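Report on the structure
Chain residues, written in single-letter form:
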Amino acid sequence: MNTQENMLLAVTKNDNVTSQKLSGADAIVQSLIREGIDLLFGYPGGAIMPVYDSLYRNANAINHVFTRHEQGAVHAAQGYARASGKVGVVIATSGPGATNLITGIADAQIDSTPLVCITGQVASHLLGTDAFQETDVIGISMPVTKWNCQVTRAEDIPEAISKAFYIARSGRPGPVLIDITKDAQLAEFDFKYEKCVGIRSYNPAQKVKTKAIEKAATLINMAKKPYLIFGQGVVLSEAEKELKVLIEKANIPAAATILGLSALPSTHPLHVGMVGMHGNYGPNVLTNECDVLIAVGMRFDDRVTGDLSRYATQAKVIHIEIDPSEIDKNVKADVALVGDAKEVLRVLIPLIIPNKHDSWVQEFATYHQVEKEKVIHNDLAPTCSELSMAEVIHEVNKITNGEAIIVTDVGQHQMVACRYAEFNKSKSNITSGGLGTMGFCLPAAIGAKLGAPDRQVIAVIGDGGFQMTIQELGTILQTGINVKIIILNNEYLGMVRQWQELFFDKRYAHTEMQNPDFVAIAKGYGVTGQKVTKRKNLNKAISEMLASDNSYMLDVRVKREQNVFPMIPTGASVSEVWLSK
């Protein structure tokens with residue numbers, strides 16, 4: 001078995017495990033069952049066919065979702081993981097099957113989504129010969145996985161899968177990949193499965209130092225203008241309750257990163273909005289006026305910070321982060337609390353003195369009123385006859401009361417949805433954040449619905465991103481699941497067009513789209529749909545869509561050349577926010 005270095009490290013195992021004679025393919029399936037997996041996503045092919053034969057014989061234990069493309073499979077697994085809090089599993093064949101997973105794996109890596117990806121590989125004696133459908137998926141995937149390995153012997157399959165699940169879900173979650181040769185899938189051996197509960201020299205969750213906690217508490221207690229920014233780490237560590245207790249106890253205004261949205265209810269009085277390039281006015285500007293900045297489960301991405309040399313330079317920074325490599329990477333921390341957000345907050349909260357910062361909190365409200373007058377009012381009640389994207393999201397809020405899972409693709413619709421959607425339950429905002437992957441939304445929404453079957457799942461998607469994975473309507477057809485799809489159709493690659501308007505003198509180079517009849521295409525896949533062009537028809541159409549017991553699609557025609565504001569231009573400070581242009 002060829003592996004990355006830590007594959008050779010000692011593993012702590014459970015005892016008293018019995019063995020049975022199985023093929024490598026059956027061992028893969030049985031290992032997944034031992035890990036509690038009852039659903040996975042994939043696409044069959046020659047080098048993974050023995051595993052599919054085993055899945056056929058174990059269909060009562062594991063449900064396989066047959067997507068229409070491997071990229072659809074991995075995005076669906078991401079959506080499933082994000083909605084359920086479990087590890088998503090995806091399988092594919094060798095060569096193009098494996099390489100088609102890479103975009104989704106990279107997306108999962110940067111957005112900390114736990115995935116176990118299993119790929120078939122040519123027989124071990126053919127490795128390195130450029131055999132049919134052979135690719136070096138280990139080399140290709142190494143930069144975008146938390147860990148990967150190649151298995152050439154059946155006997156090594158259980159240990160590899162056990163390690164994979166432990167690594168994927170522990171510490172900062174992420175994707176792992178196991179590449180298994182076809183001869184290893186066919187060979188028989190004495191199978192036994194031992195769950196991995198630790199790997200020597202791999203410490204996924206460090207114990208927070210008492211002195212650092214005390215120093216952080218002192219800074220917060222002495223602060224006049226404390227400000228907290230929370231990211232997806234709060235959701236991943238299930239620290240929503242602790243976050244709420246902390247900000248309420250110390251009366252701290254709190255803003256979300258794009259992936260942090262839904263960790264705190266949108267209606268909470270201390271939730272002041274979203275930071276970032278298209279975030280809210282006050283949360284961005286006041287970053288440069290706070291005296292203590294508390295970052296919880298976020299990594300200071302460039303879309304959040306703008307010009308780093310002018311980011312929160314006046315503030316003492318407390319960074320709560322499970323991944324030590326993120327500490328001081330972009331923003332220097334005065335106090336680094338390396339550990340699981342839930343555990344760190346649990347220790348920190350008793351040291352916090354109840355406080356009031358009413359005048360500071362009011363500053364956010366003042367900035368919000370400016371944004372409301374200059375941006376939000378026109379977005380929600382435009383004077384033109386054309387529908388705005390924000391109007392559509394607002395109508396969804398009215399009917400769902402912020403209870404739905406909103407899945408978005410990448411572009412203007414994404415920023416508008418994240419700005420205007422209400423999230424009153426955790427794990428309600430699923431989007432491609434760090435990688436910005438067009439085509440993410442539709443398959444991710446399918447996975448999200450399978451991960452949270454009792455919740456309403458709404459895919460809000462642009463006409464460009466929809467056509468990147470439009471074939472996954474076939475997955476909806478075959479599974480019969482109930483996903484709602486809203487296409488915000490402006491017949492442009494909207495975000496690129498906005499930049500071309502603002503920074504390239506309206507030279508719309510290859511961004512205008514000639515689109516097909518989406519309603520007719522949806523009908524061909526058995527999905528009911530309707531086109532919405534008039535404001536008077538919007539509420540009724542959304543109500544009909546949400547009331548349907550089946551998947552449903554709305555093609556909503558919105559203003560073609562609408563821009564998303566506020567906006568922080570590239571290279572600008574978070575204080576230099578445009579409210580219009």
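Placed above this text is the structure.
Calculation rules
- Going along each chain's sequence as written, the residues are numbered from 1 onward.
- Thresholds applied to this predicted model are a pLDDT of at least 70 for local features of residues and 80 or more for the giving and counting of side-chain atom pairs; totals over whole chains, interfaces and linings are not thresholded and use all residues.
- Note that the side-chain values use all heavy atoms of the structure and ignore hydrogens as well as water.
- For two strands to be treated as a pair, DSSP must find no fewer than two bridges joining them.
- Helix numbering and strand numbering both begin at the N terminus, where a helix is a DSSP run of H or I of at least 4 residues and a strand a DSSP run of E of at least 2.
- Fitted lines through C-alpha atoms serve as axes, helices being fitted only where they are in contact, and the angles separating the N-to-C directions of these axes extend from 0 to 180 degrees.
- Note on definitions: a residue-residue contact is assigned when non-hydrogen atoms from the two residues lie within 4.5 Å.
- Between the rings of Phe, Tyr and Trp (Trp by its six-membered ring), a pair exists once the centres lie within 6.5 Å; its type follows the angle of the planes, with under 30 degrees stacked, over 60 edge-to-face, and the other angles tilted.
- Think of it in three bands: with a 1.4 Å probe and only protein chains considered, a residue is buried below 20% of the maximum accessible area for its type, exposed above 50%, and partly exposed in between.
- Placement of a positive charge over a ring is assigned whenever Lys NZ or Arg CZ falls within 6 Å of the ring centre and within 35 degrees of the normal to the ring plane.
- In this description, the arc belongs to the directions extending from the helix axis to the C-beta atoms.
- Here a polar contact is recorded for every N or O atom pair within 3.5 Å, except that within protein the pair must consist of a potential hydrogen donor and a potential acceptor, and residues adjacent in sequence are included only if both atoms are side-chain atoms.
- Using protein atoms alone on a 1 Å grid, points that fit a 1.4 Å probe yet trap it form a cavity, whereas open point sets bounded by protein on both sides within 12 Å along at least five of seven lines form a pocket; residues with an atom within 4 Å of a point count as lining.
- Grid points are joined across faces, edges and corners, and a volume is the space filled by probe spheres set on the points.
- Under the scheme applied here, ten amino acids are nonpolar (Ala, Val, Leu, Ile, Met, Phe, Trp, Tyr, Cys and Pro), four are charged (Asp, Glu, Lys and Arg), and all others, including Gly, are polar.
- Each domain's extent is set by a domain assignment, obtained either automatically or from a database.

Before going further, it helps to spend a moment on the sheet that holds strand β16 (residues 316-321). Here we have six strands laid out as an open sheet, ordered β14-β13-β12-β15-β16-β17, and parallel in their pairing. Single-partner strands in this sheet number two, and they are β14 (271-274) and β17 (335-338). Between one strand and the next, the sheet's axes are offset by a mean angle of 20°, whatever the strand orientation. Sitting on the sheet, helix α9 (residues 210-222) touches β15 (292-296), β16 and β17, and the angle it makes with β17 is about 125°.

Below, the discussion takes up the packing of aromatic side chains. Between two aromatic rings, the relevant description is the distance of the centres plus the angle of the planes. Counted by the stated rule, this structure contains 13 aromatic pairs. Centre to centre, the rings of Phe191 and Tyr193 are 6.5 Å apart; their planes meet at 25°, and the pair counts as stacked. Accessibility expressed as a relative area gives 1% for Phe191, which makes it buried. What links up through ring pairs into an aromatic cluster is the set Phe189, Phe191 and Tyr193. For Arg68, the ring lying beneath its charged end belongs to Phe66, and the centroid distance is 5.0 Å. It is Lys581 that lies over the ring of Trp578; its NZ or CZ is 4.2 Å from the centre.

A few words on helix α14 (residues 341-348). In an α-helix, one full turn covers 3.6 residues, which means residues spaced three or four apart are oriented alike. For α14, the set of buried residues is Ala341, Lys342, Val344, Leu345 and Leu348. Viewed end-on, α14 has its buried residues packed into an arc of 165°, placing them on one side of the element. As for α14, its buried residues are in contact with α9, α10 (232-236), α11 (240-250), β15, β16 and β17. For α14, the side-chain oxygen to backbone nitrogen distance between the N-cap and Lys342 is 3.1 Å, and the N-cap itself is Asp340.

Residue position: Ile349 is located in the loop between α14 and α15 (358-380). Between the C-alpha atoms of Ile349 and Glu242, which are 107 residues apart in sequence, the distance is 7.9 Å. Here Ile349 is in contact with Glu242, Val245, Leu246 and Lys249, once residues within four sequence places are set aside.

Next up on the list: the environment of Ser325. Position of Ser325 relative to the elements: it lies in the loop between β16 and β17. Along the backbone, Ser325 and Ala27 are 298 residues apart, and their C-alpha atoms lie at a distance of 35 Å. There is a polar contact of 2.8 Å between the side chain of Ser325 and the side chain of Asp323.

What follows is about the layout of surface pockets. Quantified by volume, the second largest pocket comes out at close to 710 Å³. Contributions of two or more residues to the lining of the second largest pocket are made by β14, α12 (281-285), α15, α16 (389-400) and α17 (412-420). Here the lining of the second largest pocket gets eight residues from one element, more than from any other, and that element is α15. Among the residues making up the lining of the second largest pocket, the classes are represented as 14 nonpolar, ten polar and four charged. When residues of the lining of the second largest pocket are assigned to domains, at least three map to each of domain 2 (210-363) and domain 3 (385-557).

Here we take up the sheet that holds strand β23 (residues 552-557). Pairing in this open sheet of six strands is parallel, and the strands run β19-β18-β20-β21-β23-β22 from one edge to the other. Only two strands of the sheet have a single partner each, and these edge strands are β19 (429-430) and β22 (528-532). Relative to β23, strand β21 (residues 484-489) is paired through six bridges, and the arrangement is parallel. If you follow Lys484 over to β23, its bridge partner there is Tyr552. Those strands touched by α17 are β18 (405-408), β19, β20 (457-462) and β21, and its axis lies near 140° from that of β20.

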